[in-house]
Structures are given as C-alpha cells and as structure tokens.
Amino acid sequence: MTRLGRLAACSFLLAAILATPTFGLTVRVKVQDGVPRIFVDDKPARARMFFGIPGSAPIAVGPEGREIRFQFTAAGDAENGTFHVRCGSIPGEVDIDEIRVVDLDDGRDVVPRQDFEAGPDSFASRWTFWPTGDQNTVGAPAVADGVGKGGSAGLRITLTEPRDGGAWPDFHVFHRPNLKLQKGRRYEVSLWARSSAPRDLTLGFYRPGSQFVYLGGPPGPYETEIRLAADVGVDFVSFPIDTPWPEPGAPADWSAVDAACEQVLRVNPRALLLPRMGLYPPKWWTDRYPGDVMKWEDGTRKFAVPASPRYLKDGAERLRALIEHLEERFGDRVAGYHPCGQNTGEWFYEDTWGRPLNGYAPADLAAWRAWLRTRYADDAALRLAWNDPAASLDAARVPSPASRHAAPGGVFRDPKTERPILDWSAFQQDAMADAVLAFAKAAREASGGRKLVVFFYGYLFEFGAVGQGPAISGHYALRKVLASPDVDILCSPISYFDRGLGGSAPAMTAAESVALAGKMWLVEDDTRTYLARGSTFPGAEAGVDTPEETIEILRRNVGQQATRNFATWWMDLGSTGWFNDPRLWAEMRRLEAIDIPLLRDPVAYRPEVAAVVDEESMLRVAADGYIASKPAVYDARAALARSGAPYGQYLVDDVIAGKVDAKLYVVLNAWSLTEARRAGLRRATRGKGVVWSYAPGWFDGDEPSTPSMRELTGFDLRPCLAARAWGEPTAAGRALGLTRGFGVDRQVVPTFAATDARDAEVLARYPDGSAAVALREPDGRGFSLFVGPPGLTSELVRLAARKAGAHLYSDVDCNVYANGPFVVLHASQDGPVAVRPPAGKAEIVDALDGGPVASPTLELRRGETRILRFP
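Residues numbered from 1 in each chain as written. Predicted model: local features only at pLDDT ≥ 70, side-chain atom pairs only at ≥ 80, totals over all residues. Heavy atoms only, no water.

### So, the sheet that holds strand β41 (residues 815-819)
Test applied: Two strands pair under a simple rule: DSSP has to find at least two bridges between them. Elements are defined by DSSP. Helices are runs of H or I of four residues or more, strands are runs of E of two residues or more, and each kind is numbered from the N terminus. We call two residues in contact whenever any of their non-hydrogen atoms come within 4.5 Å of each other. To obtain an axis, a line is fitted to C-alpha atoms, over the contacting stretch when the element is a helix, and the angle between two such axes runs from 0 to 180 degrees between their N-to-C directions.
Taken together, 4 strands build an open sheet; the order of strands is β41-β42-β46-β44 and the sheet is antiparallel. Pairing within the sheet leaves two strands with one partner each, and these edge strands are β41 and β44 (845-846). Alignment of strand β42 (residues 822-826) against strand β46 (residues 865-869), held across 5 bridges, turns out to be antiparallel. Bridge pairing in β46 places Val823 opposite Leu868. Each of β42 and β46 touches helix α15 (residues 592-600); the most contacted strand, β42, lies at about 145° to it.

### Quick word on the sheet that holds strand β39 (residues 771-776)
What the 9 strands build is an open sheet, ordered β28-β27-β29-β31-β40-β39-β38-β35-β36; its pairing is mixed. Each edge of the open sheet is held by one strand with a lone partner, namely β28 (647-651) and β36 (742-744). The average undirected angle you get between the axes of adjacent strands in this sheet is 20°. Bridge count for strand β35 (residues 725-729) against β36 is 3 bridges, and the pairing is antiparallel. Across the sheet, the residue bridging to Trp726 is Gly743, located in β36. With respect to the sheet, helix α23 (residues 794-804) is in contact with β27 (609-613), β29 (664-667), β31 (689-693), β36, β38 (762-765), β39 and β40 (783-787), its orientation differing from that of β40 by roughly 175°.

### A look at the packing of helix α4 (residues 255-267) against helix α6 (residues 309-330)
The cut-off we apply is this: Any angle that is under 35 degrees is reported as roughly parallel, and any over 145 degrees as roughly antiparallel; angles of 65 to 115 degrees are reported as roughly perpendicular and all others as oblique. Less than a right angle of anticlockwise turn of the near helix away from the far helix marks a crossing as left-handed, whereas a clockwise turn marks it as right-handed. Just so you know the grouping, Ala, Val, Leu, Ile, Met, Phe, Trp, Tyr, Cys and Pro go in nonpolar, Asp, Glu, Lys and Arg go in charged, and all remaining residues, Gly too, go in polar.
Packing of α4 against α6 brings their axes to within 11 Å, and their N-to-C directions diverge by 40°. Between α4 and α6, the crossing angle belongs to the class labelled oblique. Relative to α6, α4 is oriented so that their crossing is right-handed. Residues Val257, Asp258, Cys261, Glu262 and Leu265 of α4 lie in contact with α6, whose contacting residues are Leu322, His325, Leu326, Arg329 and Phe330. Looking at the contact of α4 with α6 residue by residue, the class counts come to 6 nonpolar, 1 polar and 3 charged.

### Here's the deal with the nonpolar core
Soluble globular proteins tend to bury their nonpolar side chains together. Formally: Definition used in this section: a nonpolar core is a set of buried Ala, Val, Leu, Ile, Met, Phe, Trp, Tyr and Cys residues joined via side-chain atoms within 4.5 Å. Burial classes follow relative accessibility: with a 1.4 Å probe on protein chains only, a residue under 20% of its type's maximum area counts as buried, one over 50% as exposed, and anything between as partly exposed.
Core analysis: the largest hydrophobic core is formed by 212 residues, its most contacted members being Ile38, Trp368, Phe439, Tyr457, Trp585, Leu785 and Leu792. Sorting elements by how many residues they give to this core places helix α10 (residues 419-446) first, with 14 residues. In contact with Leu792, other than residues within four places in its own chain, are Ala636, Ala639, Val666, Leu668, Val691, Phe742, Val787 and Val797. One finds Val110, Leu159, Leu201 and Leu203 within the second-largest nonpolar core, a separate group that totals 37 residues.

### Quick notes on the packing of helix α7 (residues 362-375) against α10
For the pair α7 and α10, the least separation of the axes is 10 Å and the interaxial angle reads 105°. Viewed along their axes, α7 and α10 adopt a mutual orientation that is roughly perpendicular. Seen from α7, the contacting residues are Asp364, Ala367, Trp368, Trp371, Leu372 and Arg375; seen from α10, they are Pro420, Asp423, Trp424, Ala426, Phe427 and Asp430. For the contact of α7 with α10, the per-class residue count stands at 8 nonpolar, no polar and 4 charged.

Printed below as a string of structure tokens:
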C-alpha cells in the first residue's frame, strides 16, 4: 500500500471509530469483596495504565555542526502556522543555517531554503523571538558572518544565565506565523545546527491562538509507547489536554483537545482515554480579576485563589463545557477525567515546599472571614477562642507572615496563644478540599455519572517533611474528600522518599483508608528509568541506570500495587521515552501473573500491622516542626516496610470506628486528641499491641496534658530536657533485638520521657539517662510501647510485630508486601532472606515463571525483586 493509501486507510478507520454511536460506556470504581476496582461496562478491568505527553523528540547538537532532517504528519490545519526553535537552559552559542520545510505530498516549499547571506533582514523578515524586552533575560539572536554551514553567514543565538539568578524564561526563536499546513499531510524539515556546548534542541510546529496547538515535529516516543502498552493489553491512556477558557462571548476552540484524543485513538483504537486537564485561568481572567489571584508575602502573584467563589464558578463552568464536548465527541472511548490545579496540578498550595507564604489576596481575606462565621457564633465566641478582646468576625485579618513563620513553642502551635494560626490552617485545608469537591461535582454531573473522576489529593505522610509545617499544603482534609460521592480515584506519585533501588516505594497517603471509603488509590509511577539517565526531574536521583535495574524496580512497584489493590500508570514524565523499551512492557505482561488472579478473586488488603495517622494533629505542627514530623511520619514508612511484616496506612478515625482489625497499631502522630477520641482509640486497640510515637496524647483538645498522655499510653510521660532526642538501646532493648540508636541528633522541644518506667521496661535511654523507649504489658493482654525519639527503626517495628503475633515473612530487613497467596520481596541489602510461609503453607512457587522455589532461603542482591506464591 502506498503512503497515501495507508494514510487514507488510517483516516477512514479513525473516522469510523469516532462516528460509532455512543452506547453509554460506563467506567466507574465499584467495591467487590471489600476491594475497590475499576469496572468497564460492569466488567472488572486490570488497573494498569500509561501516561504520556505528546511532543517533539529532542535533537542533540554539539560543537561539531550537523545536518538535521525529520518528517512529520500535521496533526491539524493552519494558515498561520509557526516553527519554534528552543535551545534549552544552557549558556553558550547555538548556530543555525539552511532551514527548509517541504510538503512531501505536492513538493511545495512551506519554508523555502533559508540561509542568512542577506544579513540581518534575512532573519527579521521571517523570524522573531520571545520573550522580548525586560522579560528576555537570556537570549540574543543575530545574523553573523562565519557561523553558518561551511563558514557562511548564519543565525547565532547567544544564551546567558538569567540576570540576578532568576529562572530561565521560555526563550525561543520562531518563524513568523504565516506557514500553511494541512492536517494529515506529510512534511520534511531540514536544517544545519551547531552548539558551543552539548545540548538538546526542541523543534516544533504550532498554530497560535488562545492555546498554542502542537501540529508536529521530530517524531517523539509518545505514540510508540502507546503502541507498546497496547501490545500487552494496557489500553488505559492518560495524557494532558488544554482547557479552553475563552473570554465571555467568544467561542471555545476545541481543536487542540480533539487532536490530542484523535492522536491516541489513531495509535490504539481500543484506547480508554483518561485526559488530564488543568484548571488554570488564562491571563485575561487574572488581569480582569486581580483580587482573585493568589498573593504571597513577598508580593508574588499567580494562579487563582482556591477559595475564590468566582474561580470556583468559572472553573467549574469551563470544566463542564470541556467534559460535555469530550462526551459528545469521544464519549464511547473516554474512561474518565482528571482535573488538575495548584502546585504541579496536585491540589496542594503553589510553592508549598518554599518559604514565602500565600494567603494575602483579597479573595483569601473574604473567604477567611466567611469561614470564621461558620466556626464562631459571634464576636464574643471569637474573642474567647482567640484570647483577644478586640477580635471581630468582620475585621479578622489573615495571620501575619511573621507569626506564621514563628515557632515559639517548638514543634507544636500553642492553641491558647496561636489559635488564629490554627484556625487559618484549618481554613486552608477546607478551602482546598472544597475546591476539589466543587470540580469533582462538575465532572461527575457533566459526564452523566458514567465516568471516572480522578484527583491528586491527601498526601498525609509526604507533607510531614514540609519546612513551614504540613498545614500549608492544604492536603489535610482527606476525610472530607473521601466522604464525597463524586470522587472515584485519588492519586499521587510514588513518594519521593525511599523510592530508589532497595527502597520501599511508599504511598503518600492513608491508602487503606482510601479503600475503606470505597475509593481507589492510584500510584503515578514516574520512576526515572535507565532511558532517562540525564533527567533532572524530582526523584531523578533515585532512578536506575540499567535495563535490569529498571525491571527490578518496576516489578517491585507493580507487585506492591497488586497486593494493596492500587491502580497505577507508568509515566513518561520527561516525554523523552522513559518507557520506550519493549522489554519493560514485556515485564508488564509477565506481571499479569499476580494481577489477574487478584482481579479474578479479589482479596481485601487487611495487613496485621497498621500505621495510623491523624490529620488534625498535623495541623498543630509549627514552622520548622518537621524536625519531628519528618522522622515520625514521613521517614517512618521505611522502617515499617523493612520490618518483615506487611503494613497498611490508615486514618485514626477508621481505627476509632472499629474498621481496622490489626494485631499491631503503630500510632504515628496521635498528638492532639479529645477525650472522646482517646477513649475510642483505647477501646479499638484494647488487647492489641500499640506503638505510641513521639508525643501521644500531648494535647487534650486545646490543653497540653500529661494526664491525657498517661490515659492513652499507660505511661507517666513528662517533658524532658535531653540535649538530643536520641535513644540508645539498653541491655533490655538489646536482648529483644535492638542494636542501633535512633531519633534526632539535636534537642527537640518538646521531648518526652517515661518517668515511671521500671528498668526492665526501658528499651532505650536518652543521653540524660531518662527513658526514651519503654515497653509495658499492663494486663498480660496486649502491650504499650512508647517511643519518645521521633522516628522508628525496622528493628523496633519487628520487635513489636513479633510480640503482637503478626506474621513475619522475614527476620531481617527486606521490603515485604503480601496479600492472598502472594508475597513480594524487594531486597534492601545484599544477603540471604529466609522466607517464612504463612501458617499451613510449605510449598513456595515463583509467581512469575511458575517454577518451584527449592529453598525458602533466598540469596538476594540489593534491589532484587521476587514475587512468590503459596499454593
């Protein structure tokens, strides 16, 4: 078949797909046997996906000039097309010459051979650059003699570091927008280029408009990766699309949206689309409504205030319009919708990881006062709570940056003197959660209740490491989001902690509470594979460098996801082909050996060890309080994963409600509990093993209370003045398997010691000799293990798990995940791992190849993954 014939056949096939009548495709999460699963038209589907970003492949250039030649098929029509040349963020010189673009179907020159022999006008007449003026801090294009091919005149683009150490702008040189391109036609591009320093050029054709519509460029890996996924049965495809947001009265341009969906379906007609759309207002909106634009303490202004009623209304309208268009145009192929906003689209406040604080826009102030009116009946109630005789609901101000940066009480906010800040923190959680729920409702209604609604939210463990305190993220209203009927799936990347080879790839949230609420947790697997060794994206330092290491780490990830009933997408974050290798997708096919049995016979994940987290207590953590919350909550996941016993992650209110039946409860941050919640937690854990971390029960509502600590833990816990919040094992601790000290190697205020612990109960002591870790069995049934230094060790968790009667698959450090007949091991160190089968099971089979495992003792190298099955 000729090229034109193939193109016509492909176009006919795509037209037939899009013309197929919609039969009401329904894709939703349903709970079966306690397991949330994706159902496609009432049939359970393997929750494995691919996320890619369309775009041009980068072209490497260096000091040796080279000819560049590529072909592309235009994804859309343009009378005003333009050709962009981006040179990256590396100082130096880039020389370009002899640019030509030819229509291969009729031989027409779209860009006649462009040299620069005619001097400056040969650039200015056809080309220009952006940004210009003061915004251009890096780039200077100019025609110069001797810099082109063969020493001729050429275009030299000189790039320098941004002035004053600022960020690099999106500097690019581009052809004036007058190129005519036709959808479906084939074009060939040629040029000569050289760079003083090795770099990647990014070349692409666009149609300008309210959004720039990508029309083509050097073929990237996106389509190949979609095809590789399809070849192994992975048909869910997620990808970014524009959200047209025209000015009132102007029509929406859906062409970029349509082109993005058509591209996926052209490659895989079976694809189930899960587009990701950003809810970021355009410049005309932020210019027109400056009071609704976020404002930081340093004067920075960007994005919309999440609590702005105008933003919520307009954003929901644009989201509805987009989904209604997609349902009409592609409804029989769309699986769901993933609205995104704020920092990296993940619905935590922009710049959460930085120091400057937001909240100083007029829309913040108005929403804050409205929220206070729902919290306090009148001015008198506010004055009493704030201990401020001048406080007024009508005149309340956002707490000052200085007060929010301050931490006069150490790790925790003092409810008596810092109540306005604690209220502000609670408001910011509600505001972000309410924004998520407003857009979730819009998506649910616009899709007729038939499609998945997906959001990033709930990073309860991850934000324990935030410098200005976890509360500035806005992610601590997870329970409110879980209560909504409009959300099917919550998601996050793999934690950026402990994700590398030999690590545990932790979940960022209370994932098992997500499942108990009937929602599915999805893991965005943006592992930096061996194909992206030069990446600088977050988490790149924890990536892998060989195909073999990549397969081991992906096997670990999917193995954990299968046992915990998680969904996942493999994400080509850099859009440069991170998953562009058939061997990786062959491993995805092999992993059906664990996925399919659990899809056919679902098993609810109910591990014997429960890691318990409290949202409200995280709001008490002050600026720089991460000195305790990071080791106690964020870092603790590594110790839990390596203990030898699988663990789950839960909200404390699920434990209190009796929904979590574990043998060991590791209560990470029960630092602020009311009397009723303390009573409920004691009742739920009675007769079980409980680990109490750092400051259990320290706040009885708004009052610091050592009696409430005793009531909760059974120990008399008192603040101590140890110079370091560090525990070293005692003889009693060493006898139970503790070999190393742990904690924070500096003073932490407050730090607590068990003052009534007998010597035989003390397993570790602070440098001042006071009891840092103490174990008590008050009635012979169950036990209380107080751990004062922030953090845990795998030895400590293993000791507690063994004492609680939890099954240990290993007695040495190894990342372990297990459910049903499967156990997944990912070695955290070199050496033997003696696998202990569950009771009544002796035979061990390699789940991936089906062969028997001759010995339960496996010699593993660090980073090796084994998936075993007990028939």
